[in-house]
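The chain contents come next:
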Amino acid sequence: MITLLFFAHLQEAVGEERVILPHVPKTVKELKEEVKQRYRISLEQVMVAVNEEYAGDEQTLQPGDIVAFIPPVSGG
Amino acid sequence: MNERLFVITDKPISLEEVIQKVMRPEAGAVTTFIGTVREWTKGKRTLFLQYEAYVSMAEKMLRQIGEEIREKWPEAKVAITHRIGRLDIGEIAVVIAVSSPHRNDAYAANRYAIERIKQIVPIWKKEHWEDGTEWVGNQLETKAYPTGRPEEEDLR
């Protein structure tokens, strides 16, 4: 399993802050496709962090990973 | 060093406390940046802001900014505190303090820190306007950042 975290407007769109996914998609790209379809959301401009490090589409996922979906940030 | 230089907090920020973290005998200059909640943006009135963060990663990214500053300005010392939760008009959202032997480094490193915060630190603000709410940077709305990060105009 892996844990998904959603923030800001994505959290409102998904309706959950944290989702446990029982299986492990092969790559970030595969996971993004699944999330887009499951929640019918756009992930354009959304960055992904795996275990608190920004990750590219080709990064592979491991059981236990924490994957955060990070919309454009607006701190400061 | 037991004091934390890079902090996300849900409490009001003490400017003095952040400054004290970078005070040291080597310093001949200390610059501070204070980000505050603005009431008017392009004719629209903000009532208050709600900040949210991925706290553990946000503190990690602040530490990374600290590392980047250490590489670029080895003599500078930086401390950053960013607040989350509800903030009213005029309240302090972020304080960046940089000390260095001479002023140039302190100014440059401080400016660098705020620009990097706006690029890589997972913190989001939700505007509560008179007539509704909006996550800033929300690409579903008109305030989208086409490049995935704030534009020059947003940095002023």
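Residues numbered from 1 in each chain as written. Chains lettered and ligands numbered in written order. Predicted model: local features only at pLDDT ≥ 70, side-chain atom pairs only at ≥ 80, totals over all residues. Heavy atoms only, no water.

Under the annotation held in an unreviewed UniProt entry, chain B carries the name Molybdopterin synthase catalytic subunit and is attributed to Parageobacillus caldoxylosilyticus NBRC 107762. Quoted verbatim from the Subunit (unreviewed entry) heading of the UniProt record, the comment on chain B is "Heterotetramer of 2 MoaD subunits and 2 MoaE subunits. Also stable as homodimer. The enzyme changes between these two forms during catalysis." Here chain B is described in UniProt, under the heading Catalytic activity (unreviewed entry), as follows: "2 [molybdopterin-synthase sulfur-carrier protein]-C-terminal-Gly-aminoethanethioate + cyclic pyranopterin phosphate + H2O = molybdopterin + 2 [molybdopterin-synthase sulfur-carrier protein]-C-terminal Gly-Gly + 2 H(+)". (UniProt positions renumbered as here; feature names shortened; annotations may be inferred.)

For chain A, an unreviewed UniProt entry supplies the name Molybdopterin synthase sulfur carrier subunit and the organism Parageobacillus caldoxylosilyticus NBRC 107762. UniProt annotates chain A under Function (unreviewed entry) with the comment "Involved in sulfur transfer in the conversion of molybdopterin precursor Z to molybdopterin." Comment text from UniProt for chain A, heading Sequence similarities (unreviewed entry), reads "Belongs to the MoaD family."

Caption draft 1: Up close: the overall build of chain A. What chain A contains, in helices and strands, is two helices and five strands. Written out in order from the N terminus, the α and β elements of chain A read β-α-β-α-β-β-β. Relative to the 2.2 N^0.38 estimate, which gives 11 Å for 76 residues, the radius of gyration of chain A is 11 Å and therefore close to what a compact globule would have. Reported as C-alpha extents along the three principal axes, the dimensions of chain A are approximately 30 × 25 × 20 Å. Taken over 76 residues, chain A has a buried fraction of 50%. In chain A, the proportion of contacts linking residues at least 24 apart, taken out of those at least 6 apart, comes to 51%. If you sum the accessible surface of chain A, you get close to 3700 Å²; carbon and sulfur atoms cover 47% of it. Side chains of chain A carry 7 positive and 12 negative charges; the gap between the two charge centres is 6 Å. (Helix = DSSP H or I, 4+ residues; strand = E, 2+ residues; numbered from the N terminus. Rg over C-alpha atoms; globule rule 2.2 N^0.38 Å. Buried < 20%, exposed > 50% of the residue type's maximum accessible area, 1.4 Å probe, protein only. Contact = heavy atoms within 4.5 Å. Areas by Shrake-Rupley, 256 points an atom, 1.4 Å probe, with all protein chains shown as cover. Lys, Arg positive; Asp, Glu negative; His and termini not counted. Charge placed at Lys NZ, Arg CZ, Asp CG, Glu CD.)

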